[in-house]
Amino acid sequence: MKISEYLKRRNVKRFSLFVVIAFVFLIFSKLSNDYKQTINLKVNLINIDDEIILNNDSLNTMEALIEAKGFALIPFVFKDSKEVVLDAKTDIVTMPDYYIFDVQKHRFLIEGQLGSAYKVLSLKPDTLLLSYSTRASKYVPVVLKTSVDFAAGYDIIGDYELSIDSVKVVGSSEKVNEIQSISTEELSQQEVNSNISRSLNFERLQDIEIFPKNISVKAEVKRFTEGTIECPITIINKPDNVEINYFPKTVTITYYVDLDNYNAIDASDFRVECDYEALGDDQSFLVPKIVKKPEFVKRTAMKQKRIDFIKL
């Protein structure tokens, strides 16, 4: 009896194994056959202008009757649609308020995106109309917000370099007309002693879209030092019939410059002027102003704030 039961158990296992193998072969056999199925093709329109908003997304679909092996149709068991990408610049005819896509004329585009595993038997509709609405837009300048603390003796060379100087704002006419500039999020760094390279987003505005979405900011950071130099004073706009004597004849200029250019500074690189026409009533002194300095000099200051003079 024990031997009989043992053989029966082995026969049951063997029989179950054969059933499973037969079922697998049956599935493979079925999936190797050709089948027809209708699927939805959802249109994804690219390269449209920023001001354009597509309407009626649920209607932007086509129906395709396809034939393929069962294996190729397995993905559509879980999802009966596929995305088709169309280029608004090359595949679509633009009309006021809607785009026109000639489905039959561009059948090859659809077949190419479906792949060689699928044979397209028919497509509906023959022509697809994609309606859209247009929003207002304009370009406005970018304002960089910074809160950068440099390490002692360091500063940037020149100004911050922005990848773009203006952006496109898109929205309702009323809101777009109110916008005069767009600020970035704050560039905040502490104890900076090396070059700056950051990507910043823009401030968020309600019901307004900004293109592009971000901006690159760069700055060259170097070690700086202070220097002083004596520069002669030039009197401008003095009448020919007026003779004056003024003191001092030179002023001391303090400048802030990077170390690489420190030795290149010369007094002739600066120009200090006093405007005689700017004199007020009974004013006995002139006000010196620095009207010329090298581009690579970060900032300047003068120790003398007034130049005394007398008429001869």
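Coordinates for the structure precede this section.
Residues numbered from 1 in each chain as written. Predicted model: local features only at pLDDT ≥ 70, side-chain atom pairs only at ≥ 80, totals over all residues. Heavy atoms only, no water.

Trainee: So what about the overall build of the chain? Which residues, and what values?
Mentor: Counting its regular elements, the chain contains five helices and 24 strands. Relative to its full complement of 312 residues, the chain shows a buried share of 30%. A separation threshold of at least 6 residues defines the contact pool for the chain, and within that pool the share at least 24 residues apart is 73%. In the form shown here, the chain has an accessible surface area of approximately 20100 Å², with 51% of it arising from carbon and sulfur atoms. (Helix = DSSP H or I, 4+ residues; strand = E, 2+ residues; numbered from the N terminus. Buried < 20%, exposed > 50% of the residue type's maximum accessible area, 1.4 Å probe, protein only. Contact = heavy atoms within 4.5 Å. Areas by Shrake-Rupley, 256 points an atom, 1.4 Å probe, with all protein chains shown as cover.)

Trainee: Describe the packing of aromatic side chains, naming the residues involved and giving the relevant values.
Mentor: The tally for this structure, following the rule as stated, stands at four aromatic pairs. Judged by centre distance (6.3 Å) and plane angle (65 degrees), the ring pair of Y276 and F309 falls under edge-to-face. Placement of the pair is Y276 in the loop between β20 (271-275) and β21 (285-286) and F309 in strand β24 (residues 307-311), with a sequence separation of 33 residues. An identical accessibility class is assigned to Y276 and F309; each is buried. It is R299 that lies over the ring of Y256; its NZ or CZ is 4.0 Å from the centre. Of note, R306 hangs over the ring of F285, and the distance from its end group to the ring centre comes to 4.0 Å. (Phe/Tyr/Trp six-rings, centres within 6.5 Å; stacked < 30°, edge-to-face > 60°. Lys NZ or Arg CZ within 6 Å of the ring centre and 35° of its normal.)

Trainee: So what's going on with a nonpolar patch on the surface? Residues and values would help.
Mentor: Side chains of V93, M95, Y98 and L129 sit close together on the surface and give an oily, nonpolar patch of about 340 Å² of accessible area. Here M95 lies in strand β5 (residues 93-95). Looking at M95, the relative accessible area reads 32%, which means it is partly exposed. (Patch = residues over 30% accessible without salt bridge, like charges linked within 9 Å, V, L, I, M, F, W, Y side chains within 5 Å. Salt bridge = Lys/Arg side-chain N within 4 Å of Asp/Glu carboxyl O.)

Trainee: Got a sec to walk through the sheet that holds strand β12 (residues 166-171)? Specific residues and values, please.
Mentor: Within the open sheet, the four strands sit side by side as β13-β9-β12-β16. Their pairing is mixed. On the outer flanks of this sheet lie β13 (182-183) and β16 (209-211), each paired with one strand and no other. With three bridges connecting them, β12 and β16 associate as antiparallel partners. Each residue of the ladder has a partner; that of V169, found in β16, is I210. (Pairing = 2+ DSSP bridges.)

Trainee: I'd like a rundown of the nonpolar core, residues and numbers included.
Mentor: Counting residues in each nonpolar core, the largest one holds 27 residues, and the members touching the most others are L41, M62, I66, F101, I110, L114 and Y118. For this core, the secondary-structure elements that each account for two or more residues are β1 (34-46), β3 (61-69), α2 (70-73), β4 (81-87), β6 (98-102), α4 (107-114), β7 (119-124) and β8 (127-134). Apart from the residues lying within four places of it in its own chain, the contact partners of Y118 are I66, E67, A68, A72, L73 and F76. Among the nonpolar cores identified, the runner-up in size contains 23 residues, and V140, V176, I182 and V192 belong to it. (Core = buried A, V, L, I, M, F, W, Y, C linked by side-chain atoms within 4.5 Å.)

Trainee: Break down unusual backbone geometry for me, citing the residues and quoting the values.
Mentor: Following K124, the chain continues into P125 via a peptide bond in cis, with omega recorded as -10 degrees. With respect to the helices and strands, P125 occurs in the loop between β7 and β8. The phi dihedral of D97 falls on the positive side, at around 80 degrees, and the residue is not glycine. For D97, a relative accessible area of 53% corresponds to the exposed category. Phi is positive for N237, close to 60 degrees, though the residue is something other than glycine. With respect to the helices and strands, the residue N237 is situated in the loop between β17 (214-236) and β18 (244-247). By relative accessible area, which is 40% here, N237 ends up partly exposed.

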